[in-house]
Amino acid sequence: MIVAASRLFGSPLPLQLLDIEHADVAMFVGTNPVGSHFMSMPQSDPRRRLQDARKRGMKLLVIDPRRTETSRLADIHLQVRPGEDATLLAGMINVIIERGLIDHAYVEAHAGGLEDLTEAVRPFDLDYVARRSGVAPELVEQAAAMFATAPSGGATSGTGLHMARHQNLSTQLVMTLNVLCGRYDRRGGMTRHAGVLNFEVPDFSDPITISGYTGPKSRIRGIEGSFNYLGFFEEMPTNTLTDEILTPGIGQVRALIVHGGNPALVFADAESTARAMQELELLVVDDLFMSSTAHHADYVMAVKHPFERVDVTKLMDGSYPFPFSQYTEALVDAPDGVVDDWEIFWGLAQRLGFRIDLPGIDMDHTPTTDEMIDALHADSRIPMSEVRRHPDGKIWGERDPLVGGIVGYMSGHADQPMAIGHPEVLAELAEVLVEPVTDRGGYLPHEEFAFRMITYRMKEVYCTQGQNLPSLAARRRYNPLLMHPDAMADIGAGTGETVVVRSGFGSVEAIVEPSDDVAPGTVALAFGWGGPDDEGVNVQHLIPDDELFDPVTGLALQSAVPVNVFPAVEADDPRRTTSTPRTS
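Remember, it's a predicted structure, so these values are computed and weren't measured experimentally. (Residues numbered from 1 in each chain as written. Predicted model: local features only at pLDDT ≥ 70, side-chain atom pairs only at ≥ 80, totals over all residues. Heavy atoms only, no water.)

## Some thoughts on the nonpolar core
In step 1: Ranked by internal contacts, the top residues of the largest apolar core, which has 75 residues, are Met27, Leu60, Ile63, Leu88, Met92, Tyr184 and Leu429.
In step 2: If one sorts the elements of this core by residue count, helix α4 (residues 85-98) sits on top with 9 residues.
In step 3: Apart from residues lying up to four places away in sequence, Ile63 is in contact with Met27, Phe28, Val29, Gly30, Leu78, Val80, Asp85, Leu88, Leu89 and Met92.
In step 4: Ranked by size, the runner-up nonpolar core spans 26 residues in total, among them Val501, Val523, Leu542 and Ala556. (Core = buried A, V, L, I, M, F, W, Y, C linked by side-chain atoms within 4.5 Å. Buried < 20%, exposed > 50% of the residue type's maximum accessible area, 1.4 Å probe, protein only. Helix = DSSP H or I, 4+ residues; strand = E, 2+ residues; numbered from the N terminus. Contact = heavy atoms within 4.5 Å.)

## Comments concerning the packing of aromatic side chains
Describing an aromatic ring pair means giving the distance of the ring centres and the angle of the ring planes.
In step 1: Considering all chains together, one arrives at 4 aromatic pairs under this definition.
In step 2: Taking the centre distance of 5.3 Å and the plane angle of 80° together, the rings of Tyr320 and Phe324 count as edge-to-face. We note that Tyr320, like Phe324, is buried.
In step 3: With a centroid separation of 6.5 Å and an interplanar angle of 75°, the aromatic rings of Trp342 and Trp346 are classed as edge-to-face. Taken together, the positions of Trp342 and Trp346, both in helix α14 (residues 341-352) and 4 residues apart, correspond to about one turn of that helix. (Phe/Tyr/Trp six-rings, centres within 6.5 Å; stacked < 30°, edge-to-face > 60°.)

## Regarding the pairing of strand β12 (residues 282-287)
In step 1: Along β12, 5 of the 6 residues are buried, which leaves the element largely enclosed by surrounding structure.
In step 2: Pairing geometry for strand β11 (residues 255-259) and β12, over 5 bridges, is parallel. The residue bridging Ala255 from the neighbouring strand is Leu282, located in β12.
In step 3: Note that β12 and strand β13 (residues 299-302) share 4 bridges and pair parallel. Along β13, the bridge assignment pairs Asp287 with Ala302. (Pairing = 2+ DSSP bridges.)

## With respect to the side chain of His484
In step 1: Relative to the elements of secondary structure, His484 occurs in the loop between β20 (481-483) and α19 (485-491).
In step 2: Overall, His484 belongs to the buried group, its relative accessible area being 14%.
In step 3: Within the structure, His484 has its side chain in polar contact with the backbone nitrogen of Asp486 (distance 3.0 Å).
In step 4: Not counting chain neighbours up to four residues away, the residues in contact with His484 comprise Ser515, Asp516, Val518, Ala519 and Pro520. (Polar contact = N/O pair within 3.5 Å; in protein donor to acceptor, adjacent residues only side chain to side chain.)

Structure representation (structure tokens):
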């Protein structure tokens with residue numbers, strides 16, 4: 001998303017909030033806000049918000065290989081073949097341009113590169129797109145027209161898209177649809193609100209001159225760091241960390257602090273990640289639970305439960321449906337010896353002589369949590385003293401998102417327009433066109449894979465949280481491999497049986513369950529499982545960190561992975577190199 005935004009806007013634009021209450025059409029690509037509560041639409045009961053919008057007449061489009069909780073509410077579900085999102089989106093753009101459905105005045109005023117984009121997507125005709133994506137041509141055309149002809153609306157994407165191949169291209173094509181149809185900085189489209197705890201972005205501001213790339217490169221595969229527009233910090237892709245730990249030489253990572261994360265379950269190449277955790281000279285984990293990563297740690301630091309600490313609504317500040325904030329007191333007392341998260345890092349900084357430069361903070365004296373909150377929000381639009389005066393929370397301003405004053409002013413390209421014909425996008429579209437079109441799981445004709453595996457977030461589990469909570473664990477103790485009933489019959493697997501899932505990198509055993517939510521050529525396995533507190537399987541044993549990674553971001557291909565599936569009793573047969581129908 002960071003790369004796509006850098007290409008399109010040339011600068012971070014605060015236009016990530018879908019104005020669902022006023023939209024006439026909404027399109028979600030590779031994201032399932034009803035199940036995941038991802039920040040691709042306003043938070044606070046996303047299912048109800050979508051249902052209310054549908055009742056008043058909003059049309060809903062979903063692009064996803066799986067029939068998700070969100071797609072069940074949709075007018076049109078485009079069940080794309082995993083890994084072919086870029087093909088489908090380019091086809092929709094081609095339809096919109098060919099049919100003259102673009103917002104010409106908006107594009108002329110705010111975008112550049114339409115002619116180049118038109119030529120680049122012209123080969124993505126409906127027959128070609130249908131052959132590659134698995135979506136019927138009439139459905140592609142209908143969805144494109146529905147999105148483009150609605151008076152208002154917006155399209156947004158999520159991790160399902162961002163973890164598959166051509167992730168940067170696909171993400172920008174979603175943004176391009178918004179540009180072509182005039183969806184940015186307009187009522188019912190991609191908007192913003194003033195926020196409460198972040199600094200205010202006035203209308204008609206100059207561009208924020210921050211590069212999407214920070215310059216430093218990892219020792220691993222030459223991958224370059226990026227600047228995270230959402231949190232305003234520098235970062236490296238996680239799939240370099242394992243190799244930075246295991247690779248000797250100058251710069252080798254020898255100590256690691258894991259703050260509320262669980263790399264042992266979510267990093268690609270689970271075996272190497274576990275080995276890296278073991279080989280560190282020092283591993284410290286701050287967490288509420290003994291996670292899979294904590295089991296490798298030298299020290300596990302007990303931190304306060306959210307109910308045991310004072311807190312503010314910082315993380316969600318920009319994704320509430322309106323500028324809302326709340327300061328909450330601790331609900332219960334913490335046990336002795338349990339500390340606030342920030343105290344661990346403060347103590348380290350003090351002992352190492354590092355200065356944390358925050359307003360009103362003296363490094364010689366440990367602040368209280370309230371003093372730290374005040375310092376962190378010294379530039380907030382609403383002072384913390386005012387936020388504290390409303391313990392039940394408050395809406396600070398208009399309930400409707402803000403529109404106007406951003407597009408045409410904050411773009412970072414020299415000539416101001418949004419670059420829908422960015423050279424890197426055009427080059428990647430050309431790469432997609434020369435790729436082989438296969439009808440099986442592999443991306444190349446010689447690859448003998450029968451399926452493409454998608455990963456997803458199970459509704460009972462948020463990332464790796466939930467398996468250790470008794471109320472949720474009672475619902476689901478493991479993550480089954482979801483498989484179409486016809487595909488199960490073809491390989492001779494029955495419901496609840498153990499199957500072997502084998503990629504070109506590794507294999508796992510999983511319990512198979514029939515599901516009409518996936519197409520016959522697709523299988524699905526939820527991520528975040530396989531720890532000591534559940535009976536599931538870790539999908540990251542199937543995913544390498546150094547093969548098929550994105551050449552721009554360095555991120556591993558963690559969805560749309562070519563695999564074969566066999567009944568466990570047959571998996572050891574050396575003749576079974578691919579999944580084929582059984583014969584009687």
